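Notes for the structure review
Here is how the chains run, residue by residue.
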Amino acid sequence: MTNLNPFFKSIIDQDNTAIVVCDLNHTIVYMNPFACVAQAKRGGAALIGRCLMDCHSPDSREKIQKVMDWFKADKSHNRVHSFFNEKQVKDGYMIALRDENGELIGYYEKHEYRTKDETPFYEMP
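These notes cover the structure that comes with them. None of the values given here were measured: they were computed from a predicted structure. (Residues numbered from 1 in each chain as written. Predicted model: local features only at pLDDT ≥ 70, side-chain atom pairs only at ≥ 80, totals over all residues. Heavy atoms only, no water.)

Let us now look at the overall build of the protein chain. On a plain count of helices and strands, the protein chain comes out with 3 helices and 5 strands. Reading the protein chain from its N end, one meets helices and strands in the order α-β-β-α-α-β-β-β. Its C-alpha atoms give the protein chain principal-axis dimensions of roughly 45 × 45 × 30 Å. Here the protein chain holds 125 residues, and 30% of them are scored as buried. Taking contacts inside the protein chain between residues at least 6 apart in sequence as the whole, the part at least 24 apart equals 36%. Looking at the protein chain as shown, the accessible area adds up to about 8,700 Å², and 55% of this sits on carbon and sulfur atoms. (Helix = DSSP H or I, 4+ residues; strand = E, 2+ residues; numbered from the N terminus. Buried < 20%, exposed > 50% of the residue type's maximum accessible area, 1.4 Å probe, protein only. Contact = heavy atoms within 4.5 Å. Areas by Shrake-Rupley, 256 points an atom, 1.4 Å probe, with all protein chains shown as cover.)

Taking strand neighbours across the sheet as the criterion, the 5 strands line up as 2-1-5-4-3 in an open arrangement whose pairing is antiparallel. The sheet is open, and its two borders are formed by strand 2 (28-31) and strand 3 (79-85), each paired with just one other strand. Taken pair by pair, the neighbouring strands of this sheet meet at an average axis angle of 20°, ignoring direction. Direction of pairing for strand 1 (residues 19-23) relative to strand 2: antiparallel, over a ladder of 3 bridges. Each bridged residue has a counterpart across the sheet, and for Cys22 the counterpart in strand 2 is Ile28. Packing of helix 3 (residues 58-73) onto the sheet brings it into contact with strand 3, strand 4 (90-98) and strand 5 (104-113), and relative to strand 5 it is tilted by some 125°. (Pairing = 2+ DSSP bridges. Axes fitted to C-alpha atoms, helices over the stretch in contact; angles between N-to-C directions.)

By the definition in use, this model includes 7 salt bridges. A salt bridge links Arg79 to Glu112; the shortest N-O distance between them is 3.7 Å. Separated by 33 residues along the polypeptide, Arg79 in strand 3 and Glu112 in strand 5 bring together distant segments of the chain. Residue classification places Arg79 among the partly exposed positions, given a relative accessible area of 44%. What makes Glu112 partly exposed here is its relative accessible area of 26%. (Salt bridge = Lys/Arg side-chain N within 4 Å of Asp/Glu carboxyl O.)

This brings us to the packing of aromatic side chains. In this description, a pair of aromatic rings is defined by centroid distance and the angle of the planes. Summed over all chains, the structure comprises 2 aromatic pairs. Centre to centre, the rings of Phe34 and Tyr113 are 6.3 Å apart; their planes meet at 70°, and the pair counts as edge-to-face. With Phe34 in helix 2 (residues 33-38) and Tyr113 in strand 5, this residue pair connects regions lying 79 residues apart in the sequence. Geometrically, the ring pair formed by Trp70 and Phe71 is tilted, given 5.9 Å between the ring centres and 45° between the ring planes. Seen from the ring of Tyr93, Arg79 lies directly overhead, with NZ or CZ sitting 4.0 Å from the centre. (Phe/Tyr/Trp six-rings, centres within 6.5 Å; stacked < 30°, edge-to-face > 60°. Lys NZ or Arg CZ within 6 Å of the ring centre and 35° of its normal.)

Where burial is concerned, most of strand 4 is hidden: 7 out of the 9 residues are buried. As paired strands, strand 3 and strand 4 are joined by 6 bridges and run antiparallel to one another. Bridged to Phe83 within strand 4 is Gly92. Hairpin geometry of strand 3 and strand 4 is characterised by an intervening segment of 4 residues between the two adjacent antiparallel strands and by a positive phi of about 50° at Val89. Linkage of strand 4 to strand 5, two consecutive antiparallel strands, is achieved through a turn of 5 residues, within which Gly102 is found at a positive phi near 85°.

Here it is as structure tokens:
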């Protein structure tokens, strides 16, 4: 059987949206390169190993914990739309991470931009 971990890491690393992966204690265990650049003013890659909650306001911390409680309540609870940033035209999501038995092992935050990609189809500069 092929070890899929390098494939999954490459998928995350090639994504041009910020992806921040956390464990159940809200410790940042991974940030893709786009997230490191996006969070450069807050420390970028140096945030790995720190608590995500330290990067948020008390109101946001409460909301994050409510989402975590919802994820824990049922194995079908896996994705929450957490914000929309009008200026950057992007949505934020929290997505549950589960092991092969469906047990919650963490979550990730992902930011998705809504602006149309104007790159010509199949352009390979």
